[in-house]
Amino acid sequence: MRYRTVFIDLDGTLIDHLPAIHRSYAHTLPELGLPAPTCEQVKRAIGGGLPNAMRKFVPAVRLDEALRIYRAFWDRTMLEGASVMPGGVELLTWLGEVGAKAVVFTNKHGPSARLLCTHLGLDSLLAKVIGADDTAWLKPDPRFADYALAQVSAEAATSCLIGDSPFDVQAALNARWGFYGVTTGTHTGPELSEAGAENVRDGLGAILAEWQAEQGL
């Protein structure tokens, strides 16, 4: 296996959490007297962390209020409707079998990300779950990538990132990691390619099949 450490984005890549995210926005914005967004609008907004996404729906002066409402509702409902993407468990299992580390590397709130991974039974397949608020940085800041490498004693030359957004593409480029894009999340294949992704696949199962073929399996 050419990669000894595989960092994996969470929302839209390893798990489908869009129903819960949309539900929280649909609760929050009407509380502020604003129209509830469609699922597609939320899907197109997420990727750079919650404050960045929320700014696309609320004026700056109401951002803190919106975040308070969102987070309170989120804490009560976030586990409802979350699921692992097709091929996710199989990919994580295989990485463990070949001696590679699998690490969640996400701009989702770190404690929420860890709670979700525990809820979905992924803990035993992951070396670490690293997310927002674990440091002062978010993807694509290379300092966040350096922090992640240090947390699992990994090297950039033997690491790659799997993700679904231009934030992920840029994070991998900045960190000098390999990158595989998937179209199961917020962006299309052409959008990921335009952002600089050379390897774009339709899901985790396709990446697993490709890597297994490289090993002659």
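Calculation rules
Residues numbered from 1 in each chain as written. Predicted model: local features only at pLDDT ≥ 70, side-chain atom pairs only at ≥ 80, totals over all residues. Heavy atoms only, no water. Helix = DSSP H or I, 4+ residues; strand = E, 2+ residues; numbered from the N terminus. Rg over C-alpha atoms; globule rule 2.2 N^0.38 Å. Buried < 20%, exposed > 50% of the residue type's maximum accessible area, 1.4 Å probe, protein only. Pairing = 2+ DSSP bridges. Right-handed = clockwise from strand over helix to strand, strands pointing away. Expected span 1.5 Å × (residues − 1). Contact = heavy atoms within 4.5 Å. Disulfide = S-S within 2.5 Å. Polar contact = N/O pair within 3.5 Å; in protein donor to acceptor, adjacent residues only side chain to side chain. Core = buried A, V, L, I, M, F, W, Y, C linked by side-chain atoms within 4.5 Å. Phe/Tyr/Trp six-rings, centres within 6.5 Å; stacked < 30°, edge-to-face > 60°. Salt bridge = Lys/Arg side-chain N within 4 Å of Asp/Glu carboxyl O. Axes fitted to C-alpha atoms, helices over the stretch in contact; angles between N-to-C directions. Parallel < 35°, antiparallel > 145°, perpendicular 65-115°, else oblique. Left-handed = near helix turned anticlockwise from the far one by under 90°.

## Focus on the overall build of the protein chain
At step 1: Scanning the protein chain from terminus to terminus reveals 10 helices and 8 strands.
At step 2: The C-alpha atoms of the protein chain give a radius of gyration of 17 Å, which matches the 17 Å a tight globule of 217 residues would have.
At step 3: Dimensions of the protein chain, computed from the C-alpha atoms along their principal axes, are close to 55 × 30 × 30 Å.
At step 4: Classification of the 217 residues of the protein chain by burial places 48% in the buried group.

## Some remarks on the pairing of strand E5 (residues 128-132)
At step 1: Counting buried positions along E5 yields 4 of 5 residues, so the element is predominantly enclosed.
At step 2: Two elements, strand E4 (residues 101-109) and E5, share 4 bridges in a ladder whose sense is parallel. The residue of E5 that forms the bridge with His 109 is Ala 132.
At step 3: Taken together, E4, helix H6 (residues 110-119) and E5 form a β-α-β motif whose crossover is right-handed.

## A short note on helix H4 (residues 63-77)
Since the α-helix advances by 3.6 residues per turn, residues separated by three or four positions end up pointing in the same direction.
At step 1: Over its 15 residues, H4 runs 21 Å from end to end, which matches the ideal 21 Å to within 8%, given 1.5 Å per residue.
At step 2: Against the buried residues of H4 lie helix H1 (18-31), helix H3 (50-54), E4 and H6.

## What about the state of the cysteines?
At step 1: Tallied over the entire structure, the rule returns 0 disulfides.
At step 2: A disulfide-free cysteine, Cys 117 has its sulfur positioned 17 Å from the sulfur of Cys 160, the nearest such atom.
At step 3: A relative accessible area of 1% places Cys 117 in the buried class.
At step 4: The buried category is assigned to Cys 160, whose relative accessible area is 0%.

## As for the side chain of Thr 77
At step 1: With respect to the element layout, Thr 77 can be found in helix H4.
At step 2: Reaching out from Thr 77, the side chain makes a polar contact with the backbone oxygen of Phe 73 at a distance of 3.0 Å.

## Here we look at the nonpolar core
At step 1: Core analysis: the biggest nonpolar cluster contains 50 residues, and Val 6, Leu 14, Tyr 25, Met 54, Leu 95, Ile 162 and Trp 211 have the highest contact counts within it.
At step 2: Residues Phe 7, Ala 145, Ala 154 and Leu 192 belong to the second largest nonpolar core, which totals 19 residues.

## Section: the packing of aromatic side chains
At step 1: All chains considered together, the criterion is met by 9 aromatic pairs.
At step 2: Measuring from ring centre to ring centre gives 5.3 Å for Tyr 180 and Trp 211, while their planes differ by 85 degrees; the resulting arrangement is edge-to-face. Residue Tyr 180 is located in strand E7 (residues 178-182), and its partner Trp 211 is located in helix H10 (residues 204-214); the two are separated by 31 residues in the primary sequence. Across this residue pair, the class does not change: Tyr 180 and Trp 211 are buried.
At step 3: In this structure an aromatic cluster arises from ring pairing among Phe 7, Phe 105, Phe 144 and Trp 177.

## What to know about the pattern of salt bridges
At step 1: In total, this model carries 9 salt bridges according to the counting rule given.
At step 2: Close ionic contact of Asp 168 with Lys 139 constitutes a salt bridge, the shortest N to O distance being 2.6 Å. One end of the pair, Asp 168, is in helix H8 (residues 166-175); the other, Lys 139, is in the loop between E5 and helix H7 (142-151), and 29 residues separate them in sequence. For the pair Asp 168 and Lys 139, a shared accessibility class is recorded, and that class is buried.
At step 3: Ionic pairing is found between Arg 201 and Glu 210, a salt bridge with its closest N-O pair at 2.6 Å.

## So, the sheet that holds E5
Hydrogen bonding along the main chain pairs the strands of a sheet, whether they run parallel or antiparallel.
At step 1: Judged by pairing direction, the sheet is parallel, and its 6 strands sit side by side in the order E5-E4-E1-E6-E7-E8 without closing on themselves. At either end of the open sheet lies a strand with only one pairing partner, and these are E5 and strand E8 (200-201).
At step 2: By the bridge criterion, 4 bridges tie strand E6 (residues 159-163) to E7 in an arrangement that is parallel. Bridging from a neighbouring strand, Gly 163 pairs with Gly 181 of E7.

## Brief notes about the packing of H1 against H4
At step 1: Relative to each other, H1 and H4 sit at 140 degrees, their axes nearing to 9 Å. Here H1 is positioned oblique relative to H4, judged by the angle of their axes. For the element pair H1 and H4, the recorded crossing hand is right-handed. Contacts between H1 and H4 involve Ala 20, Ile 21, Arg 23, Ser 24, Tyr 25, His 27, Thr 28 and Glu 31 from the first element and Ala 66, Ile 69, Tyr 70, Phe 73, Trp 74 and Thr 77 from the second.

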